[in-house]
Amino acid sequence: MARDKTYTEEEFPSPLVQLWHNFKQSPAVMIGFGCFIFLVLLAIFSPLISPYSPIENNLDAILLPPAWHNDGDVSYLLGTDNLGRDMLSRLMHGASLTFGLSFIVVILSMFVGVIIGSISALTKGVKSSFLNHFLDVILSIPSLLLAIIIVAILGPGLSNTLWAIVIILIPQFIHITRNAVVQEFKKDYVLASKLDGASNIRILYYSIYPNIIEKMISQATLAQSAAILDIATLGFLGLGAPIPMPEWGAMLANGIDLFYIAPWTVYLPGLAILFAVVATNLVGEGMRHALKVRKEH
Amino acid sequence: MLVLTLLTFSLSFFFPGEQIINVTGQIDATPEQIALIALDYNKHESLIMQYWSYLVHLFNGDLGVSMASRIPIMDEMMSHLPATIELTTVALIIAMVVGIPIGFIAAIRHRKKTDDIILAVSMIGYSIPIFWLALLAILIFSIQLAWLPSAGQISLVYEIEQVTGILFFDILFSDNPYKWQAFQNASVHILLPACVVALAPATVFVRLARTSMLTVLDSHYIKAAMAKGLTFQQLIFRHAIKNAMVNVIRDVGLQFANLVTLAMVTEVIFNWPGIGNWLIQSIYQRDYTAIQGGLLALSSFIFIVHIFTDFIYASLNPLARGIKYGS
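Residues numbered from 1 in each chain as written. Chains lettered and ligands numbered in written order. Predicted model: local features only at pLDDT ≥ 70, side-chain atom pairs only at ≥ 80, totals over all residues. Heavy atoms only, no water.

Caption draft 1: Structural detail: the overall build of chain A. Of the regular secondary structure elements, chain A holds 10 helices and zero strands. Projected onto its principal axes, the C-alpha coordinates of chain A cover approximately 75 × 55 × 30 Å. For chain A, with 297 residues in total, the buried portion stands at 51%. In chain A, the share of contacts with a sequence separation of at least 24, taken over all contacts with a separation of at least 6, comes to 70%. Per element, the accessible surface of chain A, about 14,700 Å² overall, is 66% carbon and sulfur. Chain A carries 17 positive and 20 negative side-chain charges, and their two centres are separated by 16 Å. (Helix = DSSP H or I, 4+ residues; strand = E, 2+ residues; numbered from the N terminus. Buried < 20%, exposed > 50% of the residue type's maximum accessible area, 1.4 Å probe, protein only. Contact = heavy atoms within 4.5 Å. Areas by Shrake-Rupley, 256 points an atom, 1.4 Å probe, with all protein chains shown as cover. Lys, Arg positive; Asp, Glu negative; His and termini not counted. Charge placed at Lys NZ, Arg CZ, Asp CG, Glu CD.)

Caption draft 2: Structural context of empty space enclosed by the protein. All names here are of chain A. Going through the model one piece at a time under the given rule, you end up with four cavities of 30 Å³ or more. Every residue along the wall of the second largest cavity is listed here: Asp81, Asn82, Met87, Arg90, Met251, Asn254, Gly255, Leu258 and Thr265. Contributing elements (two or more residues each) for the lining of the second largest cavity: helix 3 (87–122) and helix 9 (248–255). Counting residues per element, the lining of the second largest cavity draws most heavily on helix 9, which supplies three residues. Here the lining of the second largest cavity is composed, by residue class, of three nonpolar, four polar and two charged. (1 Å grid on protein atoms, 1.4 Å probe; cavity = no way out; pocket = protein on both sides within 12 Å on 5 of 7 lines; lining within 4 Å. Points joined across faces, edges and corners; volume = space filled by probe spheres on them. Nonpolar A, V, L, I, M, F, W, Y, C, P; charged D, E, K, R; others polar.)

Caption draft 3: Spatial organisation of the nonpolar core. Core analysis: the largest hydrophobic core is formed by 141 residues, its most contacted members being Ile148(A), Ile273(A) and Phe131(B). Apart from residues lying up to four places away in sequence, Ile148(A) is in contact with Leu234(A), Leu237(A), Leu239(A), Met264(B), Ile280(B) and Ile283(B). Of all hydrophobic cores here, the second largest spans 10 residues; its members include Ala121(A), Val181(A), Val190(A) and Ile203(A). (Core = buried A, V, L, I, M, F, W, Y, C linked by side-chain atoms within 4.5 Å.)

Caption draft 4: Focus on the interface of chain B and chain A. On the chain A side, the residues contacting the 37 residues of chain B number 35 residues. For the pairing of chain B and chain A, the buried interface totals around 3,300 Å² over both sides, and the portion due to carbon and sulfur atoms is 85%. Counting across the chain B and chain A interface gives one salt bridge. The salt bridge partner of Arg207(B) is Glu285(A), with a shortest N-O separation of 3.5 Å. Here chain B and chain A share two residue pairs in polar contact (both at pLDDT 80 or more) between them. The element best represented in the side of chain B that touches chain A is helix 13 (residues 288–316) of chain B, accounting for seven residues. Taken together, the residues that form the side of chain B that touches chain A break down as 32 nonpolar, three polar and two charged. (Buried area = accessible area lost by both parts, 1.4 Å probe. Salt bridge = Lys/Arg side-chain N within 4 Å of Asp/Glu carboxyl O. Polar contact = N/O pair within 3.5 Å; in protein donor to acceptor, adjacent residues only side chain to side chain.)

Caption draft 5: Broad picture of a nonpolar patch on the surface. Residue and element names in this part refer to chain A. A contiguous nonpolar surface patch, about 600 Å² in accessible area, is contributed by Ile37, Leu41, Ile44, Phe45, Leu48 and Ile49. Along the polypeptide, leucine 48 turns up in helix 2 (residues 27–49). According to the relative accessible area criterion, leucine 48 is exposed, its value standing at 70%. (Patch = residues over 30% accessible without salt bridge, like charges linked within 9 Å, V, L, I, M, F, W, Y side chains within 5 Å.)

Caption draft 6: Representation of unusual backbone geometry in the model. The backbone of Asn271(B) sits at a positive phi, close to 55 degrees, despite the residue not being glycine. Mapped onto the elements, Asn271(B) comes out in the loop between helix 11 (232–270) and helix 12 (275–284).

Caption draft 7: Region of interest: helix 8 (residues 200–236) of chain A. All names here are of chain A. Its 37 residues place the ends of helix 8 only 46 Å apart at the C-alpha level, less than the 54 Å of an ideal helix rising 1.5 Å per residue. In the structure, helix 8 departs most strongly from a straight axis at tyrosine 209, where the bend amounts to approximately 55 degrees and where the proline proline 210 lies between one and four residues downstream. Looking one or two residues past helix 8, glycine 238 carries a phi angle of roughly 80 degrees, positive in sign. (Expected span 1.5 Å × (residues − 1). Bend = angle between axes of the 7 residues up to and from the residue.)

Caption draft 8: Spotlight on the pattern of salt bridges. Scanning the entire structure with this criterion turns up four salt bridges over all chains. For Asp115(B), the salt bridge goes to Arg210(B), with nearest N and O atoms at 2.9 Å. Within this pair, whereas Asp115(B) is found in helix 6 (residues 113–127), its partner Arg210(B) is found in helix 9 (residues 179–217), the two being separated by 95 residues in sequence. Taking relative accessible area as the criterion, Arg210(B) reaches 13% and is therefore assigned buried. Look at the salt bridges and you will find they share partners, linking Glu285(A), Arg288(A) and Arg207(B) into a network.

Caption draft 9: Highlighting the side chain of Ser109(A). Residue and element names in this part refer to chain A. Note on placement: serine 109 falls in helix 3. Taking relative accessible area as the criterion, serine 109 reaches 0% and is therefore assigned buried. Once residues lying within four places of it in the same chain are set aside, the contact partners of serine 109 are Val166, Leu169, Ile170 and Phe173.

Caption draft 10: Highlighting the packing of helix 5 (residues 73–108) of chain B against helix 11 of chain B. Residues and elements named next belong to chain B. Packing of helix 5 against helix 11 brings their axes to within 7 Å, and their N-to-C directions diverge by 140 degrees. Taken together, the axes of helix 5 and helix 11 are oblique relative to one another. Here helix 5 runs over helix 11; the crossing is right-handed. (Axes fitted to C-alpha atoms, helices over the stretch in contact; angles between N-to-C directions. Parallel < 35°, antiparallel > 145°, perpendicular 65-115°, else oblique. Left-handed = near helix turned anticlockwise from the far one by under 90°.)

Caption draft 11: Structural view of the environment of Ala262(A). Structurally, Ala262(A) is set in the loop between helix 9 and helix 10 (264–296). Along the backbone, Ala262(A) and Pro65(A) are 197 residues apart, and their C-alpha atoms lie at a distance of 7.3 Å.

Caption draft 12: The packing of helix 5 (residues 143–154) of chain A against helix 13 of chain B, seen in detail. Where helix 5 of chain A meets helix 13 of chain B, the axes come as close as 11 Å, and the angle between the chain directions of the two elements is 165 degrees. Here helix 5 of chain A lies roughly antiparallel to helix 13 of chain B, going by the angle between them. Here the hand of the crossing between helix 5 of chain A and helix 13 of chain B comes out left-handed. The segment helix 5 of chain A lies against helix 13 of chain B, with Leu145(A), Ile149(A) and Ala152(A) engaging Tyr288(B), Ile291(B), Leu295(B) and Leu298(B). For the contact of helix 5 of chain A with helix 13 of chain B, the per-class residue count stands at seven nonpolar, no polar and no charged.

The structure is reproduced here in structure tokens:
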């Protein structure tokens with residue numbers, strides 16, 4: 001993009017723009033980012049573009065292998081499962097369930113976590129120390145175990161699983177927001193606006209959030225890869241999405257009995273999960289690398 | 001630790017059903033019995049007193065009886081926990097033995113092909129869903145190649161009396177004439193699940209080892225040693241590895257929580273008689289006393305390992321001790 005240098009004044013891009021500049025340097029990361037965008041689009045448009053309904057049975061075509069197999073049928077590109085449901089459509093709808101929902105879950109918990117984290121960064125004394133110790137305990141319990149416990153309280157089901165994952169992700173966000181806000185608050189530019197008489201909330205909104213948002217995003221990608229795995233694991237254990245739903249983990253659990261005669265019902269959802277997690281991790285990795293590069297300059 | 005017990009105590013209120021039954025697991029007790037139990041747990045007094053009596057019961061090893069099997073939770077846990085300890089320990093050892101050297105190699109060959117390949121593989125290993133990996137492992141190694149057994153802890157042919165609960169010790173201490181065959185059989189059984197559990201932590205160890213080795217190699221004393229004319233091997237083996245290891249040890253405790261979660265899922269798939277398998281079964285059966293007990297046991301297990309690694313770290317690294325006393 002051509003930019004006329006009318007003024008001699010140097011232009012400082014905002015932190016997010018800088019992050020993007022550093023971020024797009026590495027080709028591997030951009031491939032990951034492309035896959036990530038692809039998954040997001042798939043999650044949104046899957047009901048429109050999938051060839052069949054994900055739950056409709058077709059008893060004439062049970063356990064068809066994928067199209068490249070000798071017995072395969074090209075109209076069922078990735079084969080069918082034990083009730084003749086098209087694997088490709090199920091995988092597409094699974095993208096919106098597993099991947100799309102994990103996205104929503106992360107945004108929700110980030111929202112709550114950032115608010116509580118900022119409040120705890122601004123408070124001092126007993127309240128904040130209690131919060132810290134409580135968080136330490138929560139963070140020391142493995143997240144999946146905690147999710148399983150919460151599901152045990154709420155009862156199995158997809159929406160309960162999602163709430164459970166939202167709850168277990170919140171402490172991480174509180175922790176990282178708190179540390180980031182406390183760190184930023186010590187810097188001089190915050191002191192300057194404080195001397196100008198800005199209230200704490202104003203400082204948070206105008207000075208601090210724009211500077212810590214990239215940390216939040218990189219934490220969010222970490223959280224999302226964990227959320228995808230957790231949703232799928234709970235689905236697999238039969239505690240999350242019920243079996244007929246095309247959630248990737250539940251699909252895998254559904255296919256286990258047929259593992260030996262129809263291995264594609266197991267390896268395809270697994271590959272889908274792997275693909276989603278790798279894409280998310282690549283984006284996160286690129287983000288962290290870009291952050292590090294920026295810090296060094 | 002206390003907060004943990006507070007958490008499990010409050011869980012008994014969150015679970016559906018009567019709180020006192022959730023704590024003790026006496027589902028088909030008569031009203032008179034319930035009244036007796038309620039008296040025992042100070043039910044009529046304030047919450048703090050109730051919590052206190054809960055703690056007292058806890059320290060006496062009384063966690064109630066399982067709602068499903070009517071066996072005291074403590075006994076059930078004692079028979080399941082050792083299997084989990086065994087699996088996680090073996091997995092941790094595998095993860096460390098495999099992961100840390102690979103990380104060091106990646107750091108030594110920094111920004112070269114080897115480094116890139118190791119990083120890419122570790123990224124994939126980190127992202128694989130554990131249950132899928134376990135299924136693939138069973139498919140390949142147990143069914144197609146028929147090398148390793150796919151389920152259980154030991155073949156049913158061997159009768160091993162449970163003494164310590166940890167199967168390997170039990171076999172060694174038993175006076176079974178087929179001791180060594182049993183030992184071999186048990187080690188063959190543990191190999192596959194342990195490798196599956198170990199994969200993801202191993203990749204994390206690769207990353208940790210790589211970063212810590214890079215910082216060490218960048219430090220002044222390495223440069224000084226290099227300037228003295230030490231060969232590269234002397235440099236790595238005498239100076240770098242020790243210092244890099246110290247930083248990795250610190251994070252072992254954190255990784256352990258992750259490892260236990262993975263072990264839980266793996267236990268279900270490999271039908272390993274551990275506490276994760278038992279806990280998930282009890283969730284299906286709505287066995288609330290068992291859930292509380294299992295949560296408490298697993299978290300305290302993690303906690304103990306955490307403290308333990310902290311001690312090891314402090315004893316290995318004089319710097320970590322210095323900060324506490326120095327400033």
